[in-house]
Structure formats: structure tokens, C-alpha cells
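In case you want the letters, here they are:
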Amino acid sequence: MQTLTIAKRSDGDSGPGIVATWAPAVAQLVSWGSIYYAFSLFVVPMESAMGWLVSLISAVAFVVAVRLASRRKFSEHQVNVR
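Just so it is clear, the model here is predicted, and its values are computed rather than measured.

Caption draft 1: Representation of the packing of helix α1 (residues 17–50) against helix α2 (residues 54–71) in the model. Between α1 and α2, the least distance of the axes is 10 Å, while the angle of their chain directions is 125°. As far as their axial angle goes, α2 and α1 are oblique. Note that α1 runs across α2; the crossing there is right-handed. Here F39, V43, M46 and E47 of α1 come into contact with α2, specifically with V54, I57, S58 and A61. Tallied by class, residues from the contact of α1 with α2 come to six nonpolar, one polar and one charged.

So, in C-alpha cells, the structure goes:
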């Protein structure tokens with residue numbers, strides 16, 4: 001049976017680097033997962049409550065996202081491809 005070992009410094013202490021690495025990694029995993037899957041959880045109740053189609057809900061969400069992105073002036077950071 002193989003076991004996972006964490007590399008330790010020569011003095012035997014793994015130090016705060018392990019926590020500083022894994023804490024943000026877990027936080028990113030949970031936050032991106034909840035944002036990504038939250039929309040699909042709300043689509044079915046919104047569709048039945050409002051009588052809308054999924055395509056209409058997606059279109060409204062797209063328009064809102066584009067307008068929010070355009071307010072942030074991302075166009076200044078775009079790369080021109082020729």
C-alpha cells in the first residue's frame with residue numbers, strides 16, 4: 001500500500017507553506033465550482049416559475065454578463081490580432 005508523504009524541510013518542519021498553498025487551492029476549487037454549477041441549479045425553478053425557456057434564461061444571463069463586462073472597460077486590455 002502506497003502512502004502520500006509531504007516533503008518536509010531538513011529540520012523536519014513542513015512550515016506554513018503547506019497551509020499557504022492548500023488553503024487558497026481549496027478555496028478556489030469551492031468558489032469556482034459553486035459559481036459554475038449555481039446557474040444550472042437555478043434554471044429549472046426559474047423556467048417553471050416564470051414559464052420561460054432555458055434558451056431565454058441563458059440569453060438574458062448572457063446580456064447581463066456582457067453589459068457588466070463592458071462597464072469594466074476590458075477593451076483597453078485586448079490584444080489586437082492581425
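We are not done yet, so read on.
Caption draft 2: Representation of the packing of aromatic side chains. Using the criterion set out here, one finds one aromatic pair in the structure. Taking 4.8 Å as the distance between ring centres and 90° as the angle between the ring planes, the aromatic pair formed by Y36 and Y37 counts as edge-to-face. The exposed category is assigned to Y36, whose relative accessible area is 61%.

Caption draft 3: Broad picture of α1. Between its first and last C-alpha, α1 extends 49 Å over 34 residues, near the 50 Å set by a 1.5 Å rise per residue. The axis of α1 is deflected most strongly, by about 30°, at Y37. G51 sits one or two residues past α1 and shows a positive phi near 75°.

Caption draft 4: Spatial organisation of a nonpolar patch on the surface. On the surface, M50, W52, L53, L56, V60, V64 and L68 cluster together to form a nonpolar patch covering roughly 640 Å² of accessible area. Ranked by the residues each element gives to the nonpolar patch, the list is headed by α2, at four residues. Looking at the element boundaries, V64 is found in helix α2.

Quick notes on the rules
- Residues numbered from 1 in each chain as written.
- Predicted model: local features only at pLDDT ≥ 70, side-chain atom pairs only at ≥ 80, totals over all residues.
- Heavy atoms only, no water.
- Axes fitted to C-alpha atoms, helices over the stretch in contact; angles between N-to-C directions.
- Helix = DSSP H or I, 4+ residues; strand = E, 2+ residues; numbered from the N terminus.
- Parallel < 35°, antiparallel > 145°, perpendicular 65-115°, else oblique.
- Left-handed = near helix turned anticlockwise from the far one by under 90°.
- Contact = heavy atoms within 4.5 Å.
- Nonpolar A, V, L, I, M, F, W, Y, C, P; charged D, E, K, R; others polar.
- Phe/Tyr/Trp six-rings, centres within 6.5 Å; stacked < 30°, edge-to-face > 60°.
- Buried < 20%, exposed > 50% of the residue type's maximum accessible area, 1.4 Å probe, protein only.
- Expected span 1.5 Å × (residues − 1).
- Bend = angle between axes of the 7 residues up to and from the residue.
- Patch = residues over 30% accessible without salt bridge, like charges linked within 9 Å, V, L, I, M, F, W, Y side chains within 5 Å.
- Areas by Shrake-Rupley, 256 points an atom, 1.4 Å probe, with all protein chains shown as cover.
- Salt bridge = Lys/Arg side-chain N within 4 Å of Asp/Glu carboxyl O.

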